[in-house]
Amino acid sequence: MPSVARLYRLAISTALPLLPALHTPEEDREHFCHTVFQQTSVWMVELNQKLAGFIAFRPGWVDQLHVHPDHQGRKLGSRLLDLAKARSATPELRLWTFQCNNPARRFYAAHGFEVERMTGGTDNEEKQPDVLYVWTRPS
């Protein structure tokens, strides 16, 4: 769990350097330990015995998907997302990302996710404009 929390922090700070860091690394570890690992299925990818990426999903939702910056562009995120789609107990998956995260938005669009709703960020902790995506399993 600590390595997943560290990767989360690194991925967020690299992709969105202007996003405010609202929690300490210790709080991140607690969140992953007591919430993420308790409420979602977490799948990880290791390269050379080091964590390279992970996805946390639950019925209908992808809550986390992060790939180490040094390993992006190797289809690890695609493989993790395909896993969530294949194992989804529901015909739809939803996820949130920030509107300013253009690489993530292109990634999700390329994987069949469509914009369901955009918000001004009033309901997220960071108070940043975000976007809700939905993917529907083909019939």
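Here is a short report on the structure shown in this document.

Here's the deal with the environment of Ile55
The residue Ile55 is located in strand β2 (residues 50–58) in this model. The spatial distance from the C-alpha of Ile55 to the C-alpha of Ile12 is 14 Å, given a sequence separation of 43 residues. The residues touching Ile55, leaving out its near neighbours within four places in the chain, are Ser41, Val42, Trp43, Val62, Gln64, Leu65, Leu80, Leu81 and Ala84.

Details of the nonpolar core
Formed by 19 residues in total, the largest nonpolar core has its most connected members in Ile55, Val62, Leu65, Leu81, Tyr108 and Phe113. Elements with a minimum of two residues in this core: β2, β3 (61–67), α3 (76–87), β4 (92–98), α4 (102–110) and β6 (130–136). Counting nine residues, the second largest nonpolar core, distinct from the first, contains Val4, Leu7, Val42 and Phe54.

Some details on the packing of aromatic side chains
Each pair of aromatic rings is reported with the distance of its centres and the angle of its planes. Per the stated rule, a full pass over the model turns up five aromatic pairs. Seen from their ring centres, Phe107 and Tyr108 are 5.2 Å apart, and the 75 degrees between their planes marks the pair as edge-to-face. Judged by its relative accessible area of 23%, Phe107 falls in the partly exposed class. Here Tyr108 falls in the buried class, since its relative accessible area comes to 8%. Judged by centre distance (5.7 Å) and plane angle (65 degrees), the ring pair of Tyr108 and Phe113 falls under edge-to-face. Members of the aromatic cluster, each reached through a chain of ring pairs, are Phe107, Tyr108, Phe113 and Tyr133.

Rules of the game
Residues numbered from 1 in each chain as written. Predicted model: local features only at pLDDT ≥ 70, side-chain atom pairs only at ≥ 80, totals over all residues. Heavy atoms only, no water. Helix = DSSP H or I, 4+ residues; strand = E, 2+ residues; numbered from the N terminus. Contact = heavy atoms within 4.5 Å. Core = buried A, V, L, I, M, F, W, Y, C linked by side-chain atoms within 4.5 Å. Buried < 20%, exposed > 50% of the residue type's maximum accessible area, 1.4 Å probe, protein only. Phe/Tyr/Trp six-rings, centres within 6.5 Å; stacked < 30°, edge-to-face > 60°.

As far as function goes, none of this settles anything; it's purely spatial.
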